[in-house]
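So you can see what is in the structure, the chains are spelled out below.
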Amino acid sequence: MARFWGRSRAPADPGATGEYRAGPPPERDQQSDRRPDRRPPPERRRRAILGMRSVAGQVFVLQVVIILVLVIAAGVEVFVQAQHDTTVEARNRSLAVAQTFADAPGTVAAMESAHPTALLQPRAEATRLATGVDFVVVTDDHGIRYTHPIPNRIGKKFVGDIGPVLAGQTVTETIQGTIGPLVQAIVPVFDSDHRVIGVVSAGITLKKISTAAQHRLPVVLGAGALALGLATAGTWLVVRRLRRQTHGLGPAEMTRMYEHHDAVLHAVREGVLIIGDDRRMLLANDEACRLLDLPLGAYDRRLVTELGLDHRLTELLDSGDAVTDEVVSAGERLIVVNIRTTGHDDGPSGVVATLRDSTELRALSGKADQARKRLKLLYEASAAIGTTLDVTRTAEELTEAAVPRFADFVTVDLAESLLRGDEPTPGRATDLRRAALRGLRADTPFFPVGTSIPLPSGTPHTQALEGRSVLEPALSDPASNWRLTDPERAELIVGQGIHSLVVVPLLARGMLLGVAHFYRSEKPEPFDADDLSVAEELGARTAVCIDNARRFTREHEMAVTLQQSLLPGGLPEQSALDVAYRYLPAQAGVGGDWFDVIPLPGARIALVVGDVVGHGLHAAATMGRLRTAVHNFSTLDLPPDELLGHLDVLVNQIDQDRAATDGGTSITGATCLYAIYDPVSRRCSMARAGHLPPALVHPDGSVEFPDLPAGPPLGLVGLPFETVETELPEGSQLVLYTDGLVEDRVRDIDVGLDLLRAALARPHRTPEETCQAVLDALLPDRPTDDVALLVARTRALPADQVAAWDLAADPAAVAGLRAGVTEQLTAWELDELAFSTELIVSELATNAIRYAAEPIRVRLLHDRTLVCEVSDGSSTSPHLRYAATSDEGGRGLFLVAQLSERWGTRYTPDGKVIWAEQPLP
């Protein structure tokens, strides 16, 4: 406004009124056809000069930029030319020195003499010093130096390619030598028969060459500096000229400026007052006259104290002090006043005041502020409520979000069935229990947490149970129905200053979950209809979160129960391995990891670990099906690769069944590692389907991950698996695990495997100690995936508990076999099993001799049971059948099945093994 005032003063005409008036620009003088004197005041003249200075400054900067660009371009050209001249001069000088030395009299004779170095070295050094080159080197036709500036390099091979020179050519090249960038020339030395008998090389560094072009750079820089000085002087002269000749703006510019300022001044919806230093009103625009109820033109040159304005507004305008956003009254209006002083930079002194009507804004601002606070409360509460899938904690989060910002006390009562995790009963809830309580004070008479809430009819509590929100703005009213719940407790509540109540039902999916109560005591204003809406929003958000938590809790418990029922309840008794395990479900939900330890015939043991992708009931159910399938396939005594092949087909079938049920493609996704350990041979055969490799801890504590082909994940069908067999020293530990142990969101799997290796690298630990050490080193605080860990320490069946016989394909050999078996059983103190064992061995061996092929071998294993094994070279398996009374044979296997606890057949790469187990007495 100071600028506006400085540019809008009336012309200094003695015939004029001498006052400033808003209106059209002054008319032309009709008699003289000349404009009145319109020279601008000092403020406007100063600004015009500054504008011209700005233009002159811009021109000056442009000149400086052009000069700098030209100087830089000239400098670059000089530098490039100097570099070129330097290289050319270096080439010419080195070539001239090398050629002159090669053609010098006596050079050829010296090279053909018995001591060429003694003759050539002084000459070469003298030439080098005289010509200024850095070296002159003479070599024979094999590149062996005769001369060199450094004597200890004489006799060594010349560094570089002298092939073209030996062919009679002259070579000049620029290289990076040990003394810096240099140019060297290499010329041949011819004898009298024009044969090349040696080479002369001369070189000089580029820094020794100085050309006249380099001396032009100071001239270029001096010329640039001179041009810059001339530009500066020219700019200064232009500015000085403008200062003398500029007295103001032209008529067209002045008229346009007046018109624009007048239009803006009277069009803005903000009052503008201009007051002179004598406290007289100079200008008031239309909006200011409307706000202050001043007739247009009635303020001309009048003192502000004479305008009849409000006392506070008059005081502010008359003081001449700066004011920011001061609210004053003007009749029935509230006006925001801003005052700034003028008179800076040689301009006229006074003040400029702006007036803004805030009557309606003040009324709306309070409501807007309340609405903003409520929206902020709802926004922050939506993020704070439902952070956990726990019913009670969700109710507590509602109380924490509402106290003290919305209410002073909040209670939440939930249906008892809901707290047990059951589905809420449709319709009205009859049993409520307090789940959460929070307030500004702890010593309140409200029912404590865990208390069963009484439900008298007609109270706001029971009305809320019918699905209606209730607002009780005045609890002190004796006629209020809320007192019916507990009259004595109600008196205590009112006595502590609690005066207002809102009760909202917690509804989700059309079912009533509970009731929330909001009380006020410290806040004097009672709850209103807007507060009731906020409470309903909070209750709706809380109800959805509580319902989600209840459903998750129920599903999680069901999944955990299902998973625990599907996992092994304990480890079977066996002598091949010392086994320890850990299974830790993820906190986010139940997964599909599983493990198993399965005894096999022949004292062998199978170790299994697998992982079904995903979480929840489907993953747990799929895991149970796969574990059952592994047990079933293990009874067939299949090799690991064949078992995984059957499991692969099963997973594919599960995918197809689920896709048909869901109406789309469904991929289960599962991995598995299957290992069989034989304590007799101490050999372990393993195969894996997309699973992580096992870790093998040797008795000395060294750790390795066996090179076991990964194989495809289960369910792809058609891709083969590969079995790897390795021998395990007694006391080794085989560690099987799932990916949840070594991989998570913040740790790469390679890092996890390195940590696992470090945790296992310690000898002489029990499997239990190893399990605990691994979990302490790798398990995160909140695992996001299931973790299955199986540690098995190998044992070996002692040699004195194994007996074996090779049997010829002769029925007469069976008698000797029976004698040997009886003798072995006597040594093992198993005489009670002698008769049955002789019969079993005799029947199985006789069948092998009659119907199978060699080699035939019989083996007895004394473990937790007595195992009889007969192996042969045939792949034909016998079948148990009932023989007719007229049949002469067919009763052998029947007798074996009756005398043994269990029997069966397993196939080997060379044939089959028929085995039978008997319990020990």
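Note that the structure is a prediction, hence the values are computed from the model and not measured.

Reading guide: rules and limits
- Residues numbered from 1 in each chain as written.
- Predicted model: local features only at pLDDT ≥ 70, side-chain atom pairs only at ≥ 80, totals over all residues.
- Heavy atoms only, no water.
- Helix = DSSP H or I, 4+ residues; strand = E, 2+ residues; numbered from the N terminus.
- Buried < 20%, exposed > 50% of the residue type's maximum accessible area, 1.4 Å probe, protein only.
- Contact = heavy atoms within 4.5 Å.
- Arc of directions from axis to C-beta.
- pLDDT = per-residue confidence, 0-100.
- Axes fitted to C-alpha atoms, helices over the stretch in contact; angles between N-to-C directions.
- Left-handed = near helix turned anticlockwise from the far one by under 90°.
- Parallel < 35°, antiparallel > 145°, perpendicular 65-115°, else oblique.
- Nonpolar A, V, L, I, M, F, W, Y, C, P; charged D, E, K, R; others polar.
- Salt bridge = Lys/Arg side-chain N within 4 Å of Asp/Glu carboxyl O.
- Pairing = 2+ DSSP bridges.
- Phe/Tyr/Trp six-rings, centres within 6.5 Å; stacked < 30°, edge-to-face > 60°.
- Lys NZ or Arg CZ within 6 Å of the ring centre and 35° of its normal.
- Expected span 1.5 Å × (residues − 1).
- Core = buried A, V, L, I, M, F, W, Y, C linked by side-chain atoms within 4.5 Å.
- Patch = residues over 30% accessible without salt bridge, like charges linked within 9 Å, V, L, I, M, F, W, Y side chains within 5 Å.
- Areas by Shrake-Rupley, 256 points an atom, 1.4 Å probe, with all protein chains shown as cover.
- Lys, Arg positive; Asp, Glu negative; His and termini not counted.
- Charge placed at Lys NZ, Arg CZ, Asp CG, Glu CD.

(A) Structural view of the overall build of the protein. Each helix and strand counted, the protein has 23 helices and 30 strands in total. Of all 921 residues assigned to the protein, the portion counted as buried reaches 43%. In the protein, the share of contacts with a sequence separation of at least 24, taken over all contacts with a separation of at least 6, comes to 62%.

(B) Spatial organisation of helix α23 (residues 892–899). If you check which residues of α23 are buried, you get Gly-892, Leu-893 and Val-896. Viewed end-on, α23 has its buried residues packed into an arc of 95°, placing them on one side of the element. Each element contacted by the buried residues of α23 is listed here: α22 (834–851), β29 (902–908) and β30 (911–919).

(C) Region of the structure containing the confidence of the model for the protein. Mean pLDDT over the protein works out to 80, with 83% of the residues at or above the 70 mark. Across residues 1–46 the pLDDT falls below 50, and counting only partners more than four positions away or on other chains, this stretch makes 73 contacts in the model.

(D) Region of interest: the environment of Ala-529. Within the secondary structure, Ala-529 is located in helix α15 (residues 529–566). Each C-alpha atom, one on Ala-529 and one on Leu-471, is 7.9 Å from the other, the two residues being 58 residues apart in sequence.

(E) Looking closely at the packing of helix α21 (residues 813–827) against α22. Packing of α21 against α22 brings their axes to within 9 Å, and their N-to-C directions diverge by 145°. The handedness of the crossing between α21 and α22 is right-handed. Contacts between α21 and α22 involve Val-814, Leu-817, Arg-818, Val-821, Thr-822 and Leu-825 on the former and, on the latter, Ala-834, Thr-837, Glu-838, Val-841, Ser-842, Ala-845, Thr-846 and Ile-849.

(F) Geometry of unusual backbone geometry. Omega for the bond connecting Val-403 with Pro-404 falls within 30 degrees of zero, at 0°, which places this linkage in the cis form. Relative to the helices and strands, Pro-404 is located in the loop between α11 (391–402) and β10 (409–415).

(G) Representation of the packing of helix α19 (residues 749–760) against helix α20 (residues 767–778) within the structure. Orientation of α19 relative to α20, taken along the N-to-C sense of each, is 140°, at an axis distance of 9 Å. For the element pair α19 / α20, the angle class is oblique. Two packed elements cross with a definite hand, and for α19 against α20 that hand is right-handed. Residues Gly-752, Leu-755, Leu-756, Ala-759 and Leu-760 of α19 lie in contact with α20, whose contacting residues are Thr-770, Ala-773, Val-774, Ala-777 and Leu-778. Looking at side-chain class alone, the contact of α19 with α20 contains 8 nonpolar, 2 polar and no charged residues.

(H) Seen up close, the pattern of salt bridges. All told, the structure shown has 32 salt bridges when counted by the stated rule. The shortest N-O distance in the salt bridge between Arg-683 and Glu-727 comes to 3.6 Å. Residue Arg-683 is found in strand β20 (residues 683–689), and its partner Glu-727 is found in strand β23 (residues 724–727); the two are separated by 44 residues along the sequence. Of the residues examined, Arg-683 reaches a relative accessible area of 29% and is grouped as partly exposed. It is possible to trace a salt-bridge network through shared partners that takes in Arg-393, Glu-396, Glu-397 and Glu-400.

(I) Representation of the sheet that holds strand β26 (residues 802–807) within the structure. Taken together, the 5 strands give an open sheet; going across it, the order is β26-β27-β28-β30-β29, and neighbouring strands pair in antiparallel fashion. Lying at the two open borders of the sheet, with one neighbouring strand each, are β26 and β29. Adjacent strand axes in the sheet meet at a mean angle of 15°, parallel and antiparallel pairs treated alike. In terms of strand pairing, β26 meets strand β27 (residues 856–862) through 6 bridges, oriented antiparallel. By the bridge assignment for β27, Val-802 is matched with Leu-861. Against the sheet, α21 makes contact with β26, β27 and β28 (865–872), and its axis sits at roughly 170° relative to β26, the strand it touches most.

(J) Local environment of the pairing of strand β2 (residues 171–177). The sheet contact formed by β2 and strand β3 (residues 180–190) spans 7 bridges and is antiparallel. Each bridged residue has a counterpart across the sheet, and for Glu-173 the counterpart in β3 is Gln-184. Connecting β2 to the next strand, β3, in antiparallel fashion are 2 residues.

(K) Summary view of the sheet that holds strand β5 (residues 271–276). Within the open sheet, the 5 strands sit side by side as β6-β5-β9-β8-β7. Their pairing is antiparallel. Each edge of the open sheet carries a strand with a single partner, namely β6 (281–284) and β7 (323–330). Pairs of neighbouring strands in the sheet enclose a mean axial angle of 25°, with direction left out of account. Bridge analysis of β7 against strand β8 (residues 333–342) gives 6 bridges, and the strand direction is antiparallel. Looking across to β8, one finds that Ala-330 is bridged to Arg-333. Contacts from helix α9 (residues 311–319) reach β5, β7, β8 and β9 (350–357), with the element oriented near 145° to β7.

(L) Focus on the packing of aromatic side chains. Under the defined criterion, the tally for this structure stands at 5 aromatic pairs. Centre to centre, the rings of Phe-409 and Phe-446 are 5.6 Å apart; their planes meet at 45°, and the pair counts as tilted. Taken as a pair, Phe-409 in strand β10 and Phe-446 in the loop between β11 (432–439) and β12 (452–453) lie far apart in primary sequence, 37 residues in all. Under the relative-accessibility criterion, Phe-446 is labelled buried at 5%. The structure contains a cluster of three or more aromatic residues connected by ring pairs, namely Phe-406, Phe-518 and Phe-527. The side chain of Arg-520 reaches across the aromatic face of Phe-406, ending 5.7 Å from its centre.

(M) Quick look at α21. In this model α21 runs 22 Å from its N-terminal to its C-terminal C-alpha over 15 residues, within 8% of the 21 Å that 1.5 Å per residue would give. Looking at α21, one finds that the buried residues are Val-814, Leu-817, Gly-820, Val-821 and Leu-825. Buried positions in α21, seen along its axis, are confined to an arc of 135° and lie on one side of it. For α21, the exposed residues set more than 90 degrees away from the buried face come down to Gly-816, Glu-823 and Ala-827. Elements in contact with the buried residues of α21: β26, α22, β27 and β28. Of the residues one or two after α21, Glu-829 is the one with positive phi, at around 60°.

(N) The arrangement of the nonpolar core in detail. The biggest cluster of nonpolar side chains holds 52 residues, and the ones touching the most others in it are Phe-406, Val-412, Leu-414, Leu-506, Phe-518 and Leu-538. In terms of residue count, α15 provides more of this core than any other element does, 8 residues in total. With near-sequence residues (within four places) excluded, Val-412 lies in contact with Ala-395, Leu-398, Thr-399, Arg-433, Arg-434, Ala-435, Ala-436, Leu-506, Val-515 and Ala-516. Listed in part, the 49 residues of the second largest apolar core include Leu-567, Leu-577, Val-597 and Ala-788.

(O) Representation of the pairing of strand β24 (residues 733–737) in the model. Most of β24 is tucked away: 5 of the 5 residues are buried. Sheet analysis places strand β21 (residues 695–697) next to β24, joined by 3 bridges and oriented antiparallel. Looking across to β24, one finds that Leu-696 is bridged to Leu-734. Inspection of the sheet shows β24 paired to strand β25 (residues 787–794) by 5 bridges, in the antiparallel sense. Bridge pairing in β25 places Gln-733 opposite Arg-793.

(P) The arrangement of a negative patch on the surface in detail. On the surface, Glu-743, Asp-748, Asp-750 and Asp-754 cluster together into a negatively charged patch. Mapping Asp-754 onto the fold places it in helix α19.

(Q) Geometry of a nonpolar patch on the surface. A contiguous nonpolar surface patch, about 490 Å² in accessible area, is contributed by Leu-68, Ile-72, Val-76, Phe-79 and Val-80. Within the element layout of this structure, Phe-79 appears in helix α2 (residues 42–103).

(R) Representation of the side chain of Ser-201. By the element assignment, Ser-201 lies in strand β4 (residues 196–205). With residues near it in sequence (within four places) discarded, Ser-201 still touches Phe-135, Val-136, Val-137, Phe-158, Gln-184, Ala-185 and Ile-186.

(S) Summary view of the environment of Met-558. Position of Met-558 relative to the elements: it lies in helix α15. As a C-alpha pair, Met-558 and Leu-617 span 59 residues in sequence and 7.9 Å in three-dimensional space.

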